[in-house]
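Spelled out from the first residue to the last, the chains are:
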Amino acid sequence: MKNIMNMMKQAQELQAKVGELQAEMESMEAEGVSGGGLVKVALNGKGALARMSIDESLMKPGEAEILEDLIVAAHADAKQKVEHAMAGKMQELTGGLPLPPGLKLF
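What counts, and where the lines are drawn
Residues numbered from 1 in each chain as written. Predicted model: local features only at pLDDT ≥ 70, side-chain atom pairs only at ≥ 80, totals over all residues. Heavy atoms only, no water. Helix = DSSP H or I, 4+ residues; strand = E, 2+ residues; numbered from the N terminus. Buried < 20%, exposed > 50% of the residue type's maximum accessible area, 1.4 Å probe, protein only. Contact = heavy atoms within 4.5 Å. Areas by Shrake-Rupley, 256 points an atom, 1.4 Å probe, with all protein chains shown as cover. Salt bridge = Lys/Arg side-chain N within 4 Å of Asp/Glu carboxyl O. Pairing = 2+ DSSP bridges. Axes fitted to C-alpha atoms, helices over the stretch in contact; angles between N-to-C directions. Parallel < 35°, antiparallel > 145°, perpendicular 65-115°, else oblique. Left-handed = near helix turned anticlockwise from the far one by under 90°. Nonpolar A, V, L, I, M, F, W, Y, C, P; charged D, E, K, R; others polar.

## A look at the overall build of the chain
Here is step 1: Per the secondary structure count, the chain includes two helices and three strands.
Here is step 2: The N-to-C order of helical and strand elements in the chain reads α-β-β-β-α.
Here is step 3: Across the 106 residues that make up the chain, the buried fraction comes to 21%.
Here is step 4: Taking contacts inside the chain between residues at least 6 apart in sequence as the whole, the part at least 24 apart equals 49%.
Here is step 5: Accessible surface, the chain: about 7,600 Å² in total, of which carbon and sulfur atoms supply 56%.

## Digging into the pattern of salt bridges
Here is step 1: Counted according to the given criterion, the structure contains three salt bridges.
Here is step 2: Ionic pairing is found between R51 and E29, a salt bridge with its closest N-O pair at 2.4 Å. Of the two residues, R51 is situated in strand 3 (residues 49-54) and E29 in strand 1 (residues 29-34); the sequence distance between them amounts to 22 residues.
Here is step 3: Relative accessible area serves as the criterion here: at 44%, E29 is assigned to the partly exposed category.
Here is step 4: For the salt bridge of D77 with K81, the shortest nitrogen-to-oxygen distance reads 3.4 Å. Here K81 and D77 lie together in helix 2 (residues 64-94), a separation of four residues that amounts to about one turn.

## Some words on the side chain of N44
Here is step 1: Looking at where N44 falls in the secondary structure, it is placed in strand 2 (residues 39-44).
Here is step 2: With sequence-adjacent residues up to four places away left out, N44 is seen in contact with M25, E26, M28, E29 and V82.

## So, the sheet that holds strand 1
Here is step 1: Strand order in the open sheet formed by three strands is 1-2-3, with antiparallel pairing between adjacent strands. Of all the strands in the sheet, the pair left with one neighbour each is strand 1 and strand 3. Pairs of neighbouring strands in the sheet enclose a mean axial angle of 15°, with direction left out of account.
Here is step 2: Direction of pairing for strand 2 relative to strand 3: antiparallel, over a ladder of five bridges.

## Focus on the packing of helix 1 (residues 2-27) against helix 2
Here is step 1: Interaxial distance between helix 1 and helix 2 falls to 11 Å at its minimum, and their mutual angle equals 155°. The angle between helix 1 and helix 2 falls in the class roughly antiparallel. The hand of the helix 1/helix 2 crossing is right-handed. Seen from helix 1, the contacting residues are L14, K17, V18, L21, E24 and M25; seen from helix 2, they are V82, A85, M86, K89, M90 and L93.
Here is step 2: In the contact of helix 1 with helix 2, the residues fall into nine nonpolar, no polar and three charged.

## What about the environment of K81?
Here is step 1: Given the relative accessible area of 38%, K81 is considered partly exposed.
Here is step 2: K81 sits 34 residues away from G47 along the chain, and the two C-alpha atoms are 9.9 Å apart.
Here is step 3: Here K81 is in contact with A30 and E31, once residues within four sequence places are set aside.

Below, the structure written as structure tokens:
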């Protein structure tokens with residue numbers, strides 16, 4: 001019984017830490033870049049688009065498809081950075097705690 005109570009306490013502590021991590025990650029930003037820096041997007045830790053910057057040289061008639069592709073590439077770059085940061089934070093948080101594969105705490 002003592003072991004179960006200890007596990008429950010650890011689970012509650014982990015839940016509190018996950019809540020703190022979620023707040024921290026939401027305030028974090030990752031910038032994705034494409035086209036040699038001509039297109040930049042920033043995502044928050046939840047993956048929401050925070051801002052975008054497009055160099056004026058890309059705003060030419062008939063080149064919308066290129067611009068669209070660069071925006072998608074910059075977004076993918078930023079999203080990968082957010083996911084990498086989140087994975088690192090989760091590794092720190094769980095400290096090697098064996099969690100089932102595919103378990104997402106956020």
